[in-house]
Amino acid sequence: MAVKKALCLSPSAFQITSLHQEKAMSLPLPMGPVPVVTTYVLLFLTELSTGQRRVTVQKGPLYRAEGYPVSIACNVTGHQGPTEQTFQWSIYKPDQPEREIQIISTKDTDFTYAFYILRVQRGDIYVERIQGNSVLLHISKLQTQDAGEYECYTPNTDGKYLGSYSDKVNLTVIPDTLSVTMSPQTLNREEGESLTLTCEVSKATTQHTHLSVSWYRLQERGNQATKIISLSKDFILIPGSSYTERFSAGDVRLDKIGNTAFRLSIGRLQPVDQGQLFCEAVEWIQDPDETWTFITRKQTDKAILIVQPEVRDFQVNISVESSFAIGQPLQLICSVVSKSSQNRRLQVVWYLNATDIGSIDASGVLGLKKDYEERANLGQLQVSKISPKAFTFTISSLGLQDEGTYRCEVAEEESSHKDFPGPPQRKQFADINIHLRKPTAKNMELSTENGKRSLWEGEALIFRCKLNGAEHPLSVVWWHIPVDLQQPELVGSLEKDGTVHLGPSYKDRSNYGCIRLEKDNVATFRLEIFNTLMTDGGTYECKVTEFQNKDGGLSWAQKTSVTVNSLNSGLRVNLQSRHPKVRVSDSFALFCIIHSDYSALKVPITVTWQFQPRGALDHQQLVTVAQDGTVEWGHSQEQMQKRMKVSQSSSGSQLLIYDATEENAGIYQCKVEAYQRQTQYTYGPARRAAMVISHPLGIDVILPESQLMVKSDSQVQEISINMETEIECSILSQTEGKTQISVTWYYLPFSHKASWLTILRTDQDDIVKYGDDFQTAKKKQKFHSEKVSKDLFQLHIQNVDNSDQGTYHCTVEEWLWSTSGSWHKLGEKESGKTELKLKPIGNKLNVRKINHTKNSLEHGDVTINCSLESPSPSTSLFSVVWFRMQERSRVVVLVEMQHDGVLKYGKEEHEGKLHCYRSSTGDFVLKLRSVEMVDNGMYWCKVEEWQLHGSPSNWVSQASDESGHTLLRVLHSVARLCSRLLQLPSDHHQNF
């Protein structure tokens, strides 16, 4: 068997009776031992001439890891006969190097030995044909017994035996030693914080190999992992497409620590970083042909990263629905999440790889870039707003150009008046990566000439249909589904023997050479339609059948849509303005730019300017400039006519508006109509041949920018009880013009968990309104506001008592009176804080300040004391607050005992844990029950002295002081300590 596949014979040396005898042919070699024959054959090999058959496999030896795939290439050249050659693969194992074990054949299904038949039937071992004379042997998952010498053999198709018919390569299966580990964990971070993760990567392969390490992020609702950064096998750092800018800024890093640790660092986290993070390592080996091939690949457990975004008014989430296959649909859903219930004016812009591709403004007007507009016109793409807070981007048939990073950017228009929205104030966005699945070995490709799927009536329409990976004869059937019809029409078919059949509707056109069905190569078919008609638009389907036997086989189909445009559709209009935002009393101009594909026809043009006031439902006709130059103004535009000027040329029209007012704010459009005479030889009445309306263009008439500034210095007032005081609100600057000021006063008590209360408000019409908590006659008598001057306001407080202690400030709003009879808010500023305190009465309070440490075993009770230095007056009462501070933590209020003895706990769980009481008049005690390790920390108290004052009498805080610090250290119990000692190795016991 080895001789018949490897030796190269000339016709004069041997006589071959038939092709079926090649495995049993007898060679007239000289008699003698086998080495003589081998020498004879080797001498013969040196005399090969050019043009002889030559079979080659890729250079070896090859090393691949157990459990991973391998692909071995085989190629035959210099052969005669059919272009599609038969390939047979066998193996010679190391323990029986002379025994051939047949694996798989591209032609003979009975070729496979029983040892491999199950793996071949399951598709774990298969042959992929690259060309007629070139194949790849694929083994999906290597086993230890797959090691050996692989032979690729091609049976003779030349009519004579001349050349080599097989070639071998040695494959060694090595163990998988790659280890990639990282502990699974859940990480909570706030936006802007940093993150570090480390994975351990090691290998013990005896061959020389390289490692590449990559970090990925997997979103919660996606199956596509986004690469963050990788270290290639050539030791080059490569950031993912979504992290390029942050890598350049130094916020994304990958460092190798020691021999096995790879640390990912992300600075200034963003909400988009949230997801499942993992590390992937790939081991690479260099084959003898100097190409690098991966042999092992492993991933770590996933670390869940939760990024708490900064407090914003709203957030944007993006999700995807798709199978991520070429030709299949894709839908991106962009949703806005907001805790606010108010209605929002939202506008969205879609990006692909940082390029703007489409948008929907707050009024629902759609805007698409040129390529995407064409796809939308063909029904292949749709951008929609499905609810007030949800937008979709839909592609009916994915292509390679649709891969990349999609961004949904949402902006909110804030408005000071419902009819006059202001500029976008807040923007949020979300990204998602779309990667298409690689096609299977056999997939359809249906395309048009130069990718053109929109053409003019009369142009040629050429389709190409290709089936990749075909191994048997093919036939094709072409179908056409006209626009607005569901029943397909047969265009024609090309049988596997080359016979052409045309459908009934296309036979006559074929006689004039308008329809042609061709075959470019064994797997590519072409349909050509010349002098296209309007009815040729619609959907075309190519259905290819591969005949694996005489009765038929499997079929694949692919569809694509084309549009045939009528000649009256070549008119486009673009509406522009240099100043979409106009200040009151300024002038602005609108330009209606006309693009016509029929400029050589010199068709007459009529332009009509339309206007939709802000908040109105219908358009108004401003002015029409007819084809003969006649100007006609709208019926309701007598007042606006005095401040308008219109001009027109062959390339467009201009509308100029002077002295802008709020009434000029709204949506503008221009309508262009192209007229054509009945014939080119007469001057009869013109008829409208085309009409197009521009996209809406919004013009905002904006208010002046506020110049309001308020004094923001903070201060503290300390006065005696029952005295009167004033708190000032000083305005430093205001906007010139017809502006008025409103002032609102606020108060925050000193009490625990208090919130700001509205005292009173004096609006821009000088109307005073008290807050809900200040409606009583007593409160209104105590608090009143005074406008001292246009720049100074005062809040008067009569008979100040303990309940008035707290923080005060004012908010100033600036309002502009409009000629339309309404107020417009220009700005708002907040003053500095004024802290109002009562002067203390009596002697200074002294609390003992001795610092000490307390040790306690777990589950025991601990008592901490707090005492006054000297006796207190009998007329005084005392309150005490206990605090705790732990390492790297904030101060926590544990419990408060008020002067009337009422206890208030900082947290509900403290009530069963803590006991606070007074052991004598000047001694206070905090008792901790059944302490645990979490109770470690620093403890201290704050004591306040209270006395009755005034008429009627009120308890007033006179003084306060804090104690020294007690450090509590909770120790492990004896039983637990012994248990830990038993777990230590013996040498540790000795050292202990």
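Residues numbered from 1 in each chain as written. Predicted model: local features only at pLDDT ≥ 70, side-chain atom pairs only at ≥ 80, totals over all residues. Heavy atoms only, no water.

## Looking at the overall build of the protein chain
For step 1, the next point in the chain: Secondary structure assignment for the protein chain yields 11 helices and 71 strands.
For step 2, the next point in the chain: Taken across its 992 residues, the protein chain has 42% of its residues classed as buried.
For step 3, the next point in the chain: Long-range contacts, defined as pairs at least 24 residues apart, comprise 59% of the intrachain contacts of the protein chain with a sequence gap of at least 6. (Helix = DSSP H or I, 4+ residues; strand = E, 2+ residues; numbered from the N terminus. Buried < 20%, exposed > 50% of the residue type's maximum accessible area, 1.4 Å probe, protein only. Contact = heavy atoms within 4.5 Å.)

## Quick look at the packing of aromatic side chains
For step 1, the next point in the chain: What the rule picks out here adds up to 13 aromatic pairs.
For step 2, the next point in the chain: Between Phe393 and Tyr406, the ring centres sit 5.9 Å apart and the planes meet at 50°, which makes this aromatic pair tilted. One end of the pair, Phe393, is in strand E27 (residues 390–395); the other, Tyr406, is in strand E28 (residues 404–417), and 13 residues separate them in sequence.
For step 3, the next point in the chain: Take Phe393: its relative accessible area is 0%, and that puts it in the buried class.
For step 4, the next point in the chain: For Tyr406, a relative accessible area of 0% puts it in the buried group.
For step 5, the next point in the chain: Members of the aromatic cluster, each reached through a chain of ring pairs, are Trp350, Phe393 and Tyr406. (Phe/Tyr/Trp six-rings, centres within 6.5 Å; stacked < 30°, edge-to-face > 60°.)

## Some points on the pattern of salt bridges
For step 1, the next point in the chain: In the structure shown here, the tally under the stated rule is 32 salt bridges.
For step 2, the next point in the chain: We note a salt bridge from Asp255 to Arg253, for which the minimum N-O separation is 3.1 Å.
For step 3, the next point in the chain: By relative accessible area, which is 44% here, Arg253 ends up partly exposed.
For step 4, the next point in the chain: A salt bridge links Glu528 to Arg526; the nearest nitrogen and oxygen atoms lie 2.7 Å apart. Accessibility classification places Glu528 together with Arg526 in one group, the buried group.
For step 5, the next point in the chain: Connected through salt bridges with shared partners, the residues Glu449, Arg464, Arg516, Glu518, Asp520, Arg526 and Glu528 form a single ionic network. (Salt bridge = Lys/Arg side-chain N within 4 Å of Asp/Glu carboxyl O.)

## Re the state of the cysteines
For step 1, the next point in the chain: Per the counting criterion, the structure on display carries seven disulfides.
For step 2, the next point in the chain: The disulfide partner of Cys199 is Cys279, and the S-S distance across this bridge is 2.4 Å. With Cys199 in strand E12 (residues 195–202) and Cys279 in strand E18 (residues 275–286), this pair connects stretches of sequence that are 80 residues apart.
For step 3, the next point in the chain: The class of Cys199 is buried, set by a relative accessible area of 0%.
For step 4, the next point in the chain: Across the disulfide from Cys729 sits Cys810; the S-S distance is 1.9 Å. Note on the Cys729 and Cys810 pair: the S-S dihedral is about 65°, so by sign convention the disulfide is right-handed. Placement of the pair is Cys729 in strand E53 (residues 725–733) and Cys810 in strand E59 (residues 806–817), with a sequence separation of 81 residues. (Disulfide = S-S within 2.5 Å.)

## Notes on a nonpolar patch on the surface
For step 1, the next point in the chain: Taken together, the side chains of Leu877, Leu948 and Trp955 define a hydrophobic patch exposed on the protein surface, amounting to about 240 Å² of accessible area.
For step 2, the next point in the chain: Positionally, Leu877 belongs in strand E64 (residues 877–885). (Patch = residues over 30% accessible without salt bridge, like charges linked within 9 Å, V, L, I, M, F, W, Y side chains within 5 Å. Areas by Shrake-Rupley, 256 points an atom, 1.4 Å probe, with all protein chains shown as cover.)

## Observations regarding unusual backbone geometry
For step 1, the next point in the chain: For the peptide bond that leads from Gly60 to Pro61, omega is 5°, which places it in the cis range.
For step 2, the next point in the chain: Not every positive phi belongs to a glycine, and Arg268 is a case in point at roughly 55°.
For step 3, the next point in the chain: By the element assignment, Arg268 lies in the loop between strand E17 (261–266) and E18.
For step 4, the next point in the chain: In this structure, Ser930 is a non-glycine residue whose phi angle is positive, near 45°.
For step 5, the next point in the chain: Within the secondary structure layout, Ser930 lies in the loop between strand E68 (923–928) and strand E69 (937–949).

## Description of the sheet that holds strand E1 (residues 54–57)
For step 1, the next point in the chain: Taken together, the four strands give an open sheet; going across it, the order is E1-E3-E7-E6, and neighbouring strands pair in antiparallel fashion. Edge positions in the sheet fall to E1 and strand E6 (125–131), since each of these pairs with one other strand and no more. For this sheet, the mean inter-axis angle between neighbouring strands, taken without regard to orientation, is 20°.
For step 2, the next point in the chain: The pairing of E1 with strand E3 (residues 70–77) spans four bridges and is classified as antiparallel. Residue pairing across strands places Arg54 opposite Thr77, the latter belonging to E3. (Pairing = 2+ DSSP bridges. Axes fitted to C-alpha atoms, helices over the stretch in contact; angles between N-to-C directions.)

## Quick look at the side chain of Glu546
For step 1, the next point in the chain: Inspection of the secondary structure assignment puts Glu546 in strand E38 (residues 538–549).
For step 2, the next point in the chain: Looking at Glu546, its side chain comes within polar contact range of the main-chain nitrogen of His472, at 3.0 Å. (Polar contact = N/O pair within 3.5 Å; in protein donor to acceptor, adjacent residues only side chain to side chain.)

## Here we look at a negative patch on the surface
For step 1, the next point in the chain: On the surface, a cluster of negative charge is contributed by Glu724, Glu726, Glu728 and Glu786.
For step 2, the next point in the chain: As for its position among the elements, Glu786 is in strand E57 (residues 783–789).
For step 3, the next point in the chain: Relative accessible area serves as the criterion here: at 35%, Glu786 is assigned to the partly exposed category. (Lys, Arg positive; Asp, Glu negative; His and termini not counted. Charge placed at Lys NZ, Arg CZ, Asp CG, Glu CD.)

## Let's talk about the confidence of the model for the protein chain
For step 1, the next point in the chain: Mean pLDDT over the protein chain stands at 83; residues scoring 70 or higher make up 85%.
For step 2, the next point in the chain: Overall, residues 415–424 carries pLDDT values under 50, and its contacts beyond four positions in sequence, including any with other chains, amount to 26 contacts. (pLDDT = per-residue confidence, 0-100.)

## Section: the environment of Leu845
For step 1, the next point in the chain: Within the fold, Leu845 resides in the loop between strand E61 (834–838) and strand E62 (852–857).
For step 2, the next point in the chain: Judged by relative accessible area, which is 7%, Leu845 ranks as buried.
For step 3, the next point in the chain: Separated by 116 residues in the primary sequence, Leu845 and Asp961 have C-alpha atoms spaced 6.3 Å apart.
For step 4, the next point in the chain: Contacts of Leu845, omitting those with residues within four sequence positions, involve Leu868, Phe878, Val943, Glu944, Glu945, Ala959, Ser960 and Asp961.

## Thoughts on the sheet that holds strand E42 (residues 588–596)
By definition, the strands of a sheet pair up through backbone hydrogen bonds, in either a parallel or an antiparallel sense.
For step 1, the next point in the chain: Strand order in the open sheet formed by four strands is E40-E42-E47-E46, with antiparallel pairing between adjacent strands. Edge positions in the sheet fall to strand E40 (571–576) and strand E46 (644–649), since each of these pairs with one other strand and no more. The sheet shows a mean angle of 15° between the axes of neighbouring strands, direction not considered.

## Things to note about the nonpolar core
For step 1, the next point in the chain: Counting residues in hydrophobic clusters, the biggest one holds 30 residues, and the most contacted among them are Leu332, Trp350, Phe393, Tyr406, Cys408 and Val410.
For step 2, the next point in the chain: Among the elements of the structure, strand E21 (315–322), strand E22 (330–337), strand E23 (345–352), strand E24 (355–360), strand E26 (381–387), E27, E28 and strand E29 (420–434) are those that each provide at least two residues to this core.
For step 3, the next point in the chain: Discounting chain neighbours no more than four positions away, the residues touching Leu332 are Ser319, Val320, Trp350, Phe391, Thr392, Phe393, Tyr406, Ile432 and Ile434.
For step 4, the next point in the chain: In this structure, Ile594, Val623, Ala660 and Val672 belong to the second largest nonpolar core, which totals 29 residues. (Core = buried A, V, L, I, M, F, W, Y, C linked by side-chain atoms within 4.5 Å.)

## Here we look at the environment of Ala589
For step 1, the next point in the chain: Mapped onto the secondary structure, Ala589 falls in strand E42.
For step 2, the next point in the chain: The sequence separation of Ala589 and Ile657 amounts to 68 residues, and the corresponding C-alpha distance is 6.3 Å.
For step 3, the next point in the chain: Once you skip the residues sitting within four places of it in the chain, Ala589 turns out to touch Gln576, Ser577, Arg578, Leu655 and Leu656.

## Topic: the pairing of strand E19 (residues 292–299)
For step 1, the next point in the chain: Relative to E19, E18 runs antiparallel, the two being bridged by seven bridges. Each residue of the ladder has a partner; that of Trp284, found in E19, is Phe294.
For step 2, the next point in the chain: What sits between E18 and E19 in their antiparallel hairpin is a turn of five residues, with Glu290 showing a positive phi close to 70°.

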